[in-house]
Amino acid sequence: MKKEILVILILAGLGLFTPAMADDGYRLWLKYDQITDIAYLKECNKILSGVMITGDSPVISAAHDELIAGLAGMTGSQVTEVSSLKSSGTLVAGTFRSSPVVASLLPDVEPGTIGEEGYIIRSVTMGGKKITVIASEGDRGVLYGVFHLLRLVSMQSPLEDLSITEKPATVLRLLNHWDNLDRSVERGYAGESVWNWHLLPGYISPRYRDYARANASIGINGTVITNVNANALVLTPQYLVKVAALADVMRPYGIKVYLTARFSAPAETGGLATSDPLDPAVARWWKEKASEIYALIPDFGGFLVKANSEGQPGPQNYGRSHADGANMLADAVAPYGGVGMWRAFVYDNNIPVDRAKQAYNEFVPLDGSFRSNVLVQVKNGAVDFQPREPFHPLFGAMPSTPLMMEFQITQEYLGCSTHLVFLAPLFEECLTSDTHAAGPGSDVAKVIDGTLHGHSLTGMAGVANIGSERNWTGHLFGQANWYAFGRLAWQPSLSSATIASEWIRMTLTHDPEIADGISTMMLSSREAAVNYMTPLGLHHIMAEGHHWGPGPWVNRGRPDWTSVYYHRADTIGIGFNRTREGSDAVSQYFPPLNDIFNDPAECPENMLLWFHHVPWDHTMKSGRILWDEMCIRYQEGVNAAEVYGAYWETLNGRIDNAQYEHVRQLLKIQAREARWWKDACLLYFQTFSRRPFPAGVDKPENDLAYYRGLRFYYVPGI
Ligand code: GCV
């Protein structure tokens, strides 16, 4: 009997071979559980029987340790490390520079083609020996290549004839943490902040390293560790040593640390009379601050700024422009190679015309006036991370400025971390939208990766959904959204289906039938949420403040924070008129989109009420009138959420028990909340439409007064 089969039988006899049946989610997609498919295990042992990884930098050490731990876990046996290519089945990893062996195995690769972060994984034969090589021009590329190989093994993908070349499409692939120094997390639903500021720098939680590993495994290379609603304290010496301690943990995983800069810091903590960006003393203060930071953190990434938005201070407080502010900060970090990321999430502090138009109005005139190390960071849509928004009209409209994508991974408007909503389809929808900025084929992804307008500084940011909860993200499927963001930041052309399949196989199961079922659920889940929350282009109709649950009746406070401002329901119809006769937001899009969005007959129905105020009896493509269509969509959302719960119950005993039970309970809550959304919204909108619910739509469980009267306290995330 072959040795590996014997080992498996012994392990099985000891009860060690069955998958762990109480997975608490901590290991994320990097589980490295032992391979249960005997044929695959054999293939693995044959192809990866010895490992030779060269180089001695901290990054290479991290790659080495990950490779050894990963392979040992998955093969169930110790990994043999070799120092020469004596036999077949060796895995060689290193840079062309540090490893003559690597260079000799890939003589066809031109220097400078792969880059510091890119890598090649190839099966080669040399002197009759079969070798697998992972090669890069930089240590980080080797690390990413190692993670790729481990992903292949985790997914039980063939290892025989590998020929993989990967290069990231964007330069900056960052998480944005909206984490406060008191450990609360704005729009965070997974416990406290992962950063334990109180214990830093003395105590380095093992979580920090695992956080870095997880991010590196999906190509994330930077983290903005503080909230954009910034606290100037983080720039004081007392906190900077804590930041430096975190940067030390991240560095071996190729991750740079960035901070949010509170624009008023010079006056608030620096003792200056002003924070005017054109005041030489202010510029000097930031330069000195940058020098202090770089002395502690030589690879500090730079600053992210939210200015003159939602009460945050900014250059406009001093009559200066966003460019004045951004350039002053960019100049401070430029000598060290740092960047300034300036958010375009701004809207008038006073009386808005149409909030969706304001970022464009403010930023387009500034195109061309930013320093070369500034990126303008733009949310995917013009309002605010809604379940569905058309892509932000700024994409394509600032050809002389690198625009960085900002997606929200945390589910502020998508059921917090209670709902299973796989966000890759939302990200993909935005990235594949054609802006037409330079004619057809000018996809948002091409703006982001710099190819449309020839920018080399590029980036994508995701607002993190990570917290202190044992499983990091609250909902197990929240991990898939973190995973999806990283994969798409690396390669925006990846499909949601590919990403889902990778994540499922690494996290949940290798059973193809179950994997298919879970994938179907994931891939349809975003549309289901759109249907039970905001179908047909409705948006921003959630409850006030905490944004959890429905609140289409919200009408207090500043108009553009209310629901009635956005849905504009009346007895005639519903929707925001953004046509040329309305707010004219359609004109911020390039032709032919401006005409398409302007015309109710051509406007995609899933965005109809975003752009149009539509009569209740308008005939939709289905032949139904708008009111009936809206009711049916809400019902379809509820039905889908219920089907997810029923499907999940069929997995009892077929996947890990703890994962099963955790998701089962959350899906029940989701189905209940989907119904709550439907009932509350339809009852409320019915007061305007004055029409009955069509056949097939369930009778609401309560009356409107009940839903309007609901009060919630201490909803997380504020
Ligand atoms: C960090 C929305 C959220 C805020 C968030 C803001 C932003 O308004 O509700 O919590 O603030 O977006 O992106 O700056």
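Computed from a predicted structure; not experimentally measured. Counting of residues starts from 1 at the beginning of each chain's written sequence and follows it residue by residue. Confidence filtering applies because this is a predicted model: local features only for residues at pLDDT of at least 70, side-chain atom pairs given and counted only at 80 or more, and all residues used for totals across whole chains, interfaces and linings. To obtain the side-chain values, all non-hydrogen atoms of the structure were included, while hydrogens and water were left out.

Turning to the confidence of the model for the protein chain, a few remarks are in order. pLDDT gives the predictor's per-residue confidence on a scale running from 0 to 100. The pLDDT averaged across the protein chain works out to 95; a share of 97% of its residues lies at or above 70. Any two residues having at least one pair of non-hydrogen atoms within 4.5 Å are treated as being in contact. Below pLDDT 50 for its whole length, residues 1-20 participates in 17 contacts with residues either more than four positions away or in separate chains.

Turning our attention to the nonpolar core. Soluble globular proteins tend to bury their nonpolar side chains together. The biggest cluster of nonpolar side chains holds 233 residues, and the ones touching the most others in it are Trp286, Phe303, Phe477, Trp482, Trp648 and Phe685. Secondary structure elements are defined from DSSP: runs of H or I of at least 4 residues count as helices, runs of E of at least 2 residues count as strands, and each element is numbered from the N terminus. Ranked by the residues each element gives to this core, the list is headed by helix α21 (residues 657-689), at 14 residues. Phenylalanine 685 has contacts with Leu538, Ile541, Pro552, His567, Ala569, Ile574, Trp616, Trp627, Met630 and Tyr634, leaving out every residue within four places of it along the chain. Nine residue types can take part in a nonpolar core, namely buried Ala, Val, Leu, Ile, Met, Phe, Trp, Tyr and Cys, and a core is a set of them joined through side-chain atoms within 4.5 Å. Burial here depends on accessible area, computed with a 1.4 Å probe over protein chains only, as a share of the maximum for the residue type. Under 20% is buried, over 50% is exposed, and the range in between is partly exposed. One finds Val92, Val109, Ile120 and Ile131 within the second-largest nonpolar core, a separate group that totals 14 residues.

Once that is clear, we can look at the pattern of salt bridges. A side-chain nitrogen of Lys or Arg and a carboxyl oxygen of Asp or Glu constitute a salt bridge if their distance falls within 4 Å. The final tally for this structure, using the stated rule, is 40 salt bridges. Arginine 251 is paired through a salt bridge with aspartate 248; the nearest N and O atoms lie 2.8 Å apart. The class for arginine 251 is partly exposed, based on a relative accessible area of 28%. When its relative accessible area of 44% is taken as the criterion, aspartate 248 is described as partly exposed. The residue aspartate 331 makes a salt bridge to arginine 371 at a minimum N-O spacing of 2.8 Å. One end of the pair, aspartate 331, is in helix α10 (residues 322-333); the other, arginine 371, is in the loop between α11 (355-363) and β12 (374-379), with 40 residues separating them in the sequence.

Here we come to the sheet that holds β12. DSSP bridges decide pairing: two strands pair if at least two such bridges lie between them. Taken in spatial order, the 8 strands close into a barrel running β7-β8-β9-β10-β11-β12-β13-β14, and their pairing is parallel. The average angle at which neighbouring strand axes cross in this sheet is 25°, direction not considered. Sheet topology places strand β7 (residues 172-176) next to strand β14 (residues 459-463); 5 bridges connect them, and they run parallel. The residue bridging leucine 172 from the neighbouring strand is glycine 459, located in β14. Helix axes are fitted to C-alpha atoms over the stretch in contact, other axes to C-alpha atoms as well, and angles between N-to-C directions run from 0 to 180 degrees.

Moving on, we get to the site of the ligand. Here a residue counts as near a molecule or strand whenever at least one of its heavy atoms sits within 4 Å of it. Every one of the 15 residues lining the ligand counts as a neighbour, but Glu186, Lys306, Arg343, Lys379 and Glu412 are closest to it. Nitrogen and oxygen atoms within 3.5 Å of one another constitute a polar contact, given that in protein one can donate a hydrogen and the other can accept it, and given that sequence-neighbouring residues count only through two side-chain atoms. In this structure, asparagine 229 approaches the ligand through a side-chain N or O atom, which is 3.2 Å from an oxygen atom. Contacts to the ligand include lysine 379, whose side-chain N or O atom sits 2.6 Å from an oxygen atom. Surface burial for the ligand is 96%, taken as the share of its 340 Å² of free accessible area covered by protein chains. Each residue gets one of three labels, nonpolar for Ala, Val, Leu, Ile, Met, Phe, Trp, Tyr, Cys and Pro, charged for Asp, Glu, Lys and Arg, and polar for the others, Gly among them. For the shell around the ligand, the per-class residue count stands at 4 nonpolar, 3 polar and 8 charged. For every accessible area listed, the method is Shrake-Rupley and the probe measures 1.4 Å; residues are considered covered only by the protein chains on display.

Take the side chain of histidine 436 next. Looking at the element boundaries, histidine 436 is found in the loop between α12 (424-431) and α13 (444-448). Its relative accessible area of 18% is what places histidine 436 among the buried residues. Setting aside residues up to four positions removed in sequence, histidine 436 forms contacts with Ser442, Phe590, Pro591, Pro592 and Leu593.

One can describe the packing of helix α9 (residues 280-296) onto α10 by two numbers: an axis separation of 8 Å at closest approach and a directional angle of 40°. Comparing the axis directions of α9 and α10 gives the class oblique. Crossing of α9 against α10: the hand is right-handed. Of α10, the residues touching α9 (which contributes Val282, Ala283, Trp286, Lys287, Ala290 and Tyr294) are Met328, Leu329, Asp331, Ala332 and Val333. For classification, angles of less than 35 degrees are called roughly parallel, those exceeding 145 degrees roughly antiparallel, those between 65 and 115 degrees roughly perpendicular, and all remaining angles oblique. Note: crossing handedness is left-handed where the near helix turns anticlockwise from the far helix by less than a right angle, and right-handed where it turns clockwise.

Right, let's get into the environment of serine 57. Inspection of the secondary structure assignment puts serine 57 in the loop between β1 (50-53) and α3 (58-75). On the basis of relative accessibility, which here comes to 17%, the residue serine 57 falls in the buried class. For serine 57 and proline 252, which are 195 residues apart along the polypeptide, the C-alpha to C-alpha distance reads 8.2 Å.

With an omega dihedral of 0°, the bond running from leucine 200 to proline 201 counts as a cis peptide bond. Mapped onto the elements, proline 201 comes out in the loop between β7 and α6 (206-217). The step from proline 591 to proline 592 runs through a cis peptide bond, and the omega angle for that step is 5°. Residue position: proline 592 is located in the loop between β15 (573-574) and α18 (593-598). For tyrosine 32, which is not glycine, the phi dihedral falls at a positive 55°. Here tyrosine 32 is to be found in the loop between α1 (3-13) and α2 (38-47).

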